[in-house]
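# Analysis of the macromolecular model
For reference, the chains in residue letters:
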Amino acid sequence: MKDDSLGRPLGRSLGFSTNAIHHGYDPLDEEGALTPPLHLTSTYAFDSAEHGGEMFAGERQGHVYSRISNPTCDLLERRIAVLEGAEAGLANASGMGAITSVMWTFLSPGDEVICDETLYGCTFAYFEHGLTKFGIKITYVDMTNAENVRAAISEKTKIVYFETVSNPNMRLIDVAAISDIAHEVGAKVVVDSTYTTPYLMRPIELGADIVVHSATKYLGGHGDVIAGLVAGSLEDISQIRLVGMKDMTGAVMAPFNAMLILRGIKTLQLRMDRHCSSAMKVAKALEAHPMVSEVHFPGLESFPQHALAKRTMKDFGGMIAFEVIGGIEAGKSTMNRLKMIKRAVSLGDAETLIQHPASMTHSTYTPEERAAHRISEGLVRMSVGLEDPDDIIADIMQALPIADQKVA
């Protein structure tokens, strides 16, 4: 049997990490350089005026200006596409740059977006305070019950949007069920898969049309870059590139940042396995603590959507939300007693991070909006890092109030 360029027997698909490390790059094409080169250029030379005209007319492939495409970003785009099981990918300046580029491409005044009722704070602000200014209707429903989407959807619905695991309260959405309903009226399904990454879930294979990521998080993995990614069909990605990104937002990823994400995804599988296994240990320890009233983690059998998580996710992720008995002040006191775990927003880093959504990432909601969107005032969100899990647990245990301790 003949082999392909990577030495695999033809017809055999490559594994996740192999694609994350090798897809789309042959060192022999770049004078043997094992690491793909960094292309720090804003523009590209043509060998003739005719060549330039053909490039701008779309008659020849290549690069014309780095606000549209760049060789380093192109390699990252091809890798995220293969990891997501998509036809094409697009690199953006941030996760919000990815979301806004998608929305500005496909929405017009009079259109409707149906969203899950719990969203990342900046996404909520963009929908609620941004898109509505331009005559776009935003409808929120509890998507944990797919029939709520069926009841709300109409011919005016152009996009159905949700997060695979809702930030910050960890609710799960059945991607396949929602996609089937949305496609009945021709709406596109756009899914934020930042929490799950393509290693734990591939929403396009479940029926979604477009996947967005804050690549700042698990894909980068080291807390040293701001970046976003989109994956979808070749037709959709081409439109987002030339309309939403090039003309509407300008949210273009810098080549240096693309290099950092390319480096990060090489170890994504290894890191996610550790994040997941440690989070399971931490969640169980929290659940057993007498001063913790609720633990939201898909891997726990007590989690209401545990069966859905087992059916749709490869593993249960590295994010946990929990509440300490005593409410918001008890939660803040616990955070302030931590010694190793860092009080910081973001997630997916090597360091374990903890934050208070109501006063931090989701402060864009009013208190009334948080109540309506199922974000409690006392909720604490934790991104379990790559430290030794026993050390993470020890730090949490010493920080939690003892059973007979009164909250000041």
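A short tour of the structure in this document, coming up. Keep in mind that this is a model prediction, so the values were computed, not measured.

## With respect to unusual backbone geometry
- Of the consecutive residues N167 and P168, the connecting peptide bond is found in the cis state with omega at 20°.
- Unlike most non-glycine residues, E31 shows phi in positive territory, near 55°.
- Looking at the element boundaries, E31 is found in the loop between helix 1 (16-22) and helix 2 (49-56).
- Overall, the relative accessible area of 84% leaves E31 in the exposed class.
- Located in the positive-phi region is T197, a residue other than glycine, with phi close to 60°.
- Mapping T197 onto the fold places it in helix 8 (residues 197-200).

## Some thoughts on the pattern of salt bridges
- Here the structure, examined in full by the defined rule, presents 15 salt bridges.
- Here D142 and R171 are joined by a salt bridge, their closest N and O atoms 2.7 Å apart. With D142 in the loop between strand 3 (137-141) and helix 6 (146-152) and R171 in the loop between strand 4 (157-163) and helix 7 (175-183), the pair connects residues that are 29 residues apart, well separated along the chain.
- Taking relative accessible area as the criterion, D142 reaches 16% and is therefore assigned buried.
- Among the residues examined, R171 registers a relative accessible area of 10% and is labelled buried.
- Salt-bridge contacts for D174 lead to R311; the nearest nitrogen and oxygen are separated by 3.3 Å. Of this pair, D174 sits in the loop between strand 4 and helix 7 while R311 sits in helix 12 (residues 306-312), and the two are 137 residues apart along the sequence.
- Taking relative accessible area as the criterion, R311 reaches 56% and is therefore assigned exposed.
- Salt bridges here are not isolated pairs; linked through shared partners, they connect D116, E117, D142 and R171.

## Examining the environment of P168
- With respect to the helices, strands and loops of the structure, P168 is situated in the loop between strand 4 and helix 7.
- The exposure class of P168 is buried, given its relative accessible area of 0%.
- Beyond its immediate stretch of four places on either side in the chain, P168 contacts T118, Y195, A321, P357, H362, I375, L379 and R381.

## A closer look at empty space enclosed by the protein
- Under the counting rule described, the total for this entry stands at 2 cavities of 30 Å³ or more.
- The volume enclosed by the largest cavity comes to roughly 50 Å³.
- Around the largest cavity sit S66, I68, S69, N70, C73, E77, L90, A91, R241, M245, V252 and M253, which together line it.
- When contributions to the lining of the largest cavity are tallied by element, the ones reaching two or more residues are helix 3 (71-84), strand 1 (88-92) and helix 9 (234-249).
- Residue composition of the lining of the largest cavity, grouped by class: 7 nonpolar, 3 polar and 2 charged.
- Looking at the second largest cavity, its volume works out to about 40 Å³.
- Considering the residues around the second largest cavity, the lining is formed by V165, M170, Y195, T196, M313, F316, G317, G318 and M319.
- Here the lining of the second largest cavity is composed, by residue class, of 6 nonpolar, 3 polar and no charged.

Definitions and cut-offs
Residues numbered from 1 in each chain as written. Predicted model: local features only at pLDDT ≥ 70, side-chain atom pairs only at ≥ 80, totals over all residues. Heavy atoms only, no water. Helix = DSSP H or I, 4+ residues; strand = E, 2+ residues; numbered from the N terminus. Buried < 20%, exposed > 50% of the residue type's maximum accessible area, 1.4 Å probe, protein only. Salt bridge = Lys/Arg side-chain N within 4 Å of Asp/Glu carboxyl O. Contact = heavy atoms within 4.5 Å. 1 Å grid on protein atoms, 1.4 Å probe; cavity = no way out; pocket = protein on both sides within 12 Å on 5 of 7 lines; lining within 4 Å. Points joined across faces, edges and corners; volume = space filled by probe spheres on them. Nonpolar A, V, L, I, M, F, W, Y, C, P; charged D, E, K, R; others polar.

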